[in-house]
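The lines below spell out each chain.
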Amino acid sequence: MNFNIQLQKKEHYKYSITIIVGLLLTGFVLQYSLGAISKEWFSFPNNIWLGLGFIFLFTSLYLLFKQREFFNLVSSVPFALVSSISLGILTIGLGSINIETKTGNANPFWVRMGLENMTTSWYFALVFLMVLINLWVAVLKRALVFQQKNITFLLNHFGLWLTLFAGVLGQGDLTRLTMTLKENQPEWRATDAEGHVVELPLALELKKFSIDIYANKLYVIDKDGKALPDKKPHAFLLEKENSTQQLLDWKITLHRYLSNAVPETDTSFLASPMWGATNAAYITVEHVPTKKLTKQWVASGNFQFPPMTVTLDSNHILVMAPPEARRFESEVLVFEKDKEGGRKEIIQVNHPIKAKDWKIYQVSYDEKMGRWSNTSVVELILDPWLPLVYAGIFILLAGSVAFLFKTRN
Amino acid sequence: MWQYFSYITFAAILLWVASSFLIYFRKNEIVKTGLALHVVATAIIGAFVLGLWITLDRPPLRTLAETRIWYAFFMGLIGIAVYMLYRQKWMLNYSALMGTVFLLITFFKPDTTNKTLMPALQSVWFVPHVVVYIFAYAMLGMASLVALYGLLQGAKPGKALLSSIHNKAYDAEKTVIVMDRLIDIGYAFLTFGLLFGALWAKEAWGHYWTWDPKETWAFISWLGYLSYIHYRYKYKNKNARTGFIIVVIAFLLLLVCWFGVNYLPTAAMSVHTYSG
């Protein structure tokens, strides 16, 4: 008796491995002859048909043939192990191989085999499909003979299935567009990754772009411009006046920090809210071994004013780095096609806004102008499948919580 | 607020240390006192976070030092929660130890208060995402140590490797039970971390999954533990060795995800490598 069960388990592995290897080989051949899978397949309305087809096909096959050994196999743990380990191995390739397609040095064979974009390759897709079938049949099997002890199983497996299923099918409908906004100019055109211009049913008008900065940092650099020490440069954040810090052999004391400074003379700065102002600090530098003191202004400089530095010795220069952004945001008016007037919104990193079905993200600005940029770059993203993916994610989260409770016993 | 930080550090660590001993006493009241001290230590750190929040007039999430205080706080909190669930006392010790480490790093390296966080990292998701991962890694790291012990001991069943720590003979079944418990908790938290990361990515980068190398490796290591859980489910009473080996491999994958990613050819494309 025991021996029979043992044999069957071994058979399960044998068949699982045969199926996956067979599909991988088929995938390699298809990939080589047809190239990557087109995004079209996963775009509306094809993705709806694919999705419904999957559910209808495998549900009815299961209901008709659930007694057959084959369905036992594809919903079995050995099949789950073999398919998820295969997916894992392919994913290791995906996470480790980086083919230089930009430089044109890549071997055309590997490019053809989809190594630079494995997720759209046939072999990846077929293994992924097996994972989806395995999850779906396993869910059906447990859901149709519903028992309370199966709740954790169902939450985890259905949640994962829904996340993967909706995530893959929604790929082609995901639209990412970039829009460059100029102050006080309404904009309704955006460009996609290939540079095609798209007209949108909504418009944005940048009213104000603003950046909050962190206080600047001082660094010691060598004559090649490299910050020192080599691997982990030391920095002095000019946050507190009268604070002191040693960088290499030089002890620096900050007397005054101006976040908005303009040159007063050739060697001094003045606080001023003027447009295009730079950052400056009045400091004392003490060369520790010789106790030699220097007192002077340093400035980071920007598109308008040159930087001011301290030459420490023949190989060392003290510089003020440009400020780092603490926060940047665009104040915009949002106009939607069928609505009167505009509404005011603020777009920040990590705080996208919603307009129609789009989510709008703060991406960038005119970096040369820095704080004084009157240009803001935003990204508009449309992802109609997101609610399904989120449903999957939240079910999976609930499944993990249930798993924590279940494992207690 | 930071001027009080040294007092907070000392008070919390002292309470945690006292608690770590008291919970092992026989008398129930003393055990309860020990538990209460753990809660108080955690609450003190929580109060400090709140104080920072009020005095700074923003969530204290902008410097690495600020985020570390949150880690210490949540380590204490998770310790209590996991203890309530599983009634395993050493889990309190483990979480207190990790909380202490975060407090001490912040205490001895106050210069890191100078480290500034870029806007993309300033999010309500930052702390939960990192905290659940730290906890998951801690649990899974511990599980791997248990697995290594099981492997070494299993190879030399006659010799008790840890005889100086406990006098009992090696029991493969018990070793597996301890490891499984750690893996279950670690795996659940790993799932939280992965999914919180996806939800955050949608807010910060616009999409929940972009096969960024760090994401890819997080998925791989998650699959590793997923495989172990399925293996265990199927072969509950089989020889423990294969299970130990899977767990060690899964942890190696986790290490690649943790810091190995930075050395892979794909690192250049990652949004998770923060330099400077």
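The shown structure was predicted, so the numbers you read here are calculated from the model rather than taken from an experiment.

Cut-offs and rules
- Residues numbered from 1 in each chain as written.
- Chains lettered and ligands numbered in written order.
- Predicted model: local features only at pLDDT ≥ 70, side-chain atom pairs only at ≥ 80, totals over all residues.
- Heavy atoms only, no water.
- Helix = DSSP H or I, 4+ residues; strand = E, 2+ residues; numbered from the N terminus.
- Rg over C-alpha atoms; globule rule 2.2 N^0.38 Å.
- Buried < 20%, exposed > 50% of the residue type's maximum accessible area, 1.4 Å probe, protein only.
- Contact = heavy atoms within 4.5 Å.
- Areas by Shrake-Rupley, 256 points an atom, 1.4 Å probe, with all protein chains shown as cover.
- Lys, Arg positive; Asp, Glu negative; His and termini not counted.
- Charge placed at Lys NZ, Arg CZ, Asp CG, Glu CD.
- Pairing = 2+ DSSP bridges.
- Polar contact = N/O pair within 3.5 Å; in protein donor to acceptor, adjacent residues only side chain to side chain.
- Core = buried A, V, L, I, M, F, W, Y, C linked by side-chain atoms within 4.5 Å.
- Buried area = accessible area lost by both parts, 1.4 Å probe.
- Salt bridge = Lys/Arg side-chain N within 4 Å of Asp/Glu carboxyl O.
- Phe/Tyr/Trp six-rings, centres within 6.5 Å; stacked < 30°, edge-to-face > 60°.
- Axes fitted to C-alpha atoms, helices over the stretch in contact; angles between N-to-C directions.
- Left-handed = near helix turned anticlockwise from the far one by under 90°.
- Nonpolar A, V, L, I, M, F, W, Y, C, P; charged D, E, K, R; others polar.
- Patch = residues over 30% accessible without salt bridge, like charges linked within 9 Å, V, L, I, M, F, W, Y side chains within 5 Å.

**Considerations on the overall build of chain A**
The secondary structure content of chain A amounts to eight helices and 17 strands. Against the 2.2 N^0.38 benchmark of 22 Å for 409 residues, chain A shows a C-alpha radius of gyration of 30 Å, more extended than a compact globule. By its C-alpha atoms, chain A is 95 × 60 × 55 Å across when sized along the principal axes. Out of the 409 residues belonging to chain A, those deemed buried represent 48%. Sequence-distant contacts, at least 24 apart, represent 59% of the contacts inside chain A between residues at least 6 apart. In the form shown here, chain A has an accessible surface area of approximately 21,600 Å², with 60% of it arising from carbon and sulfur atoms. Positive and negative side-chain charges in chain A, numbering 40 and 35 respectively, have mean positions lying 10 Å apart.

**Side note on the sheet that holds strand β12 (residues 316-320) of chain A**
Residue and element names in this part refer to chain A. What the four strands build is an open sheet, ordered β5-β4-β12-β11; its pairing is antiparallel. The open sheet has two edge strands with one neighbour each: β5 (236-237) and β11 (310-313). The sheet contact formed by β11 and β12 spans three bridges and is antiparallel. Bridging across to β12, Asp313 finds its partner in His316.

**So, the environment of Arg189 of chain A**
Residues and elements named next belong to chain A. Along the chain, Arg189 turns up in strand β2 (residues 186-191). Residue class for Arg189 comes out partly exposed when judged on its relative accessible area of 39%. With near-sequence residues (within four places) excluded, Arg189 lies in contact with Met179, Val197, Val198 and Glu199. Polar side-chain contacts of Arg189 include one of 3.0 Å to the side chain of Glu187.

**Side note on the nonpolar core**
Grouped together as the largest cluster of nonpolar side chains are 140 residues, with contacts concentrated most on Met179, Ile183, Ile185, Phe189, Leu190, Trp222 and Tyr225 of chain B. It is helix α5 (residues 126-155) of chain B that contributes the most residues to this core, 17 residues altogether.

**Considering the pairing of strand β7 (residues 250-263) of chain A**
Residues and elements named next belong to chain A. Judged from the four bridges that link them, strand β6 (residues 244-247) and β7 form a sheet pairing that is antiparallel. Bridge assignment links Gln246 to a residue of β7, and that residue is Lys251. Between the antiparallel neighbours β6 and β7 lie two residues, among them Leu248 with a positive phi of about 50°. Alignment of β7 against strand β9 (residues 278-287), held across nine bridges, turns out to be antiparallel. Bridging across to β9, Leu254 finds its partner in Ile283. Looking at chain direction, β7 and strand β8 (residues 269-271) are connected through three bridges and run antiparallel. Bridge pairing in β8 places Val262 opposite Leu270.

**Some details on the environment of Leu56 of chain B**
In this structure, Leu56 of chain B sits in helix α2 (residues 28-56). Owing to a relative accessible area of 33%, Leu56 of chain B belongs among the partly exposed residues under this scheme.

**Brief notes about the side chain of His207 of chain B**
Assignment of secondary structure puts His207 of chain B in the loop between α6 (172-204) and α7 (213-234). Ignoring any residue separated from it by four or fewer positions in sequence, one finds His207 of chain B in contact with Leu174, Arg176 and Asp383 of chain A together with Ala201 and Lys202 of chain B.

**Regarding the interface of chain B and chain A**
Facing 53 residues of chain B, the contacting portion of chain A comprises 58 residues. Taken together, both faces of the contact between chain B and chain A bury some 4,900 Å²; the carbon and sulfur share is 64%. Linking chain B with chain A are one salt bridge, by the criterion used here. Remark: the boundary between chain B and chain A carries 11 residue pairs in polar contact (both at pLDDT 80 or more). Where the side of chain B that touches chain A is concerned, the elements lending two or more residues are α3 (64-86), α6 and α7 of chain B. Looking at the side of chain B that touches chain A element by element, the count peaks at 16 residues for α6 of chain B.

**Focus on the packing of aromatic side chains**
Following the criterion strictly, the structure yields 42 aromatic pairs over all chains and no others. The interplanar angle of 65° and the centroid separation of 5.3 Å between the aromatic rings of Phe73 of chain B and Phe74 of chain B together place this pair among those described as edge-to-face. For the ring pair Trp90 of chain B and Tyr94 of chain B, a centre distance of 6.3 Å and an interplane angle of 50° mean the geometry is tilted. With Trp90 of chain B and Tyr94 of chain B both in helix α4 (residues 89-108) and four residues apart, the pair spans about one turn of that helix. For Tyr94 of chain B, a relative accessible area of 18% corresponds to the buried category. Site record: aromatic cluster; members linked through ring pairs are Phe124, Phe128 and Phe403 of chain A together with Tyr187, Trp209, Trp211, Phe219 and Trp222 of chain B.

**Points about the pattern of salt bridges**
Applying the stated criterion to the full structure yields 15 salt bridges over all chains. Glu331 of chain A is the salt-bridge partner of Lys344 of chain A, the closest N and O atoms lying 3.6 Å from each other. Here Lys344 of chain A is found in strand β14 (residues 342-348), whereas its partner Glu331 of chain A is found in strand β13 (residues 325-336), with 13 residues between them in sequence. Between Arg232 of chain B and Asp184 of chain B there is a salt bridge whose closest N-O contact spans 3.0 Å.

**Some thoughts on the packing of helix α6 (residues 122-144) of chain A against helix α7 (residues 151-169) of chain A**
Residues and elements named next belong to chain A. For the pair α6 and α7, the least separation of the axes is 9 Å and the interaxial angle reads 145°. The interaxial crossing formed by α6 with α7 has left-handed handedness. Listed contacts from α7 to Phe128, Val131, Leu132, Leu135, Trp136, Ala138, Val139, Arg142 and Ala143 of α6 are Phe153, Leu154, His157, Phe158, Leu160, Trp161, Leu164, Phe165 and Val168. Of the residues in the contact of α6 with α7, the class split is 16 nonpolar, one polar and one charged.

**Let's talk about a nonpolar patch on the surface**
All names here are of chain A. Taken together, the side chains of Ile17, Val21, Leu25 and Phe28 make up a nonpolar region of the molecular surface, amounting to roughly 340 Å² of accessible area. For Val21, the position within the fold is in helix α1 (residues 2-34). For Val21, a relative accessible area of 41% puts it in the partly exposed group.

**Overview of unusual backbone geometry**
All names here are of chain A. Cis geometry marks the peptide bond from Phe44 to Pro45; its omega dihedral reads 0°. Its place among the elements puts Pro45 in the loop between α1 and α2 (46-65). Residues Leu228 and Pro229 are joined by a peptide bond in cis, for which omega reads -15°. At Asn242, a position not held by glycine, the phi torsion is positive, near 70°. Within the secondary structure, Asn242 is located in the loop between β5 and β6.

**What to know about the packing of helix α4 (residues 77-96) of chain A against α6 of chain A**
Residues and elements named next belong to chain A. Between α4 and α6, the shortest axis-to-axis distance is 9 Å and the interhelical angle comes to 150°. Seen along the crossing, α4 lies across α6 with a hand that is left-handed. Here α4 contributes Phe79, Ala80, Ser83, Ser86, Leu87, Leu90 and Thr91 to the contact with α6, which in turn contributes Tyr123, Phe124, Val127, Phe128, Met130, Val131 and Asn134. Each residue belonging to the contact of α4 with α6 can be placed in one class, and the counts come to 10 nonpolar, four polar and no charged.

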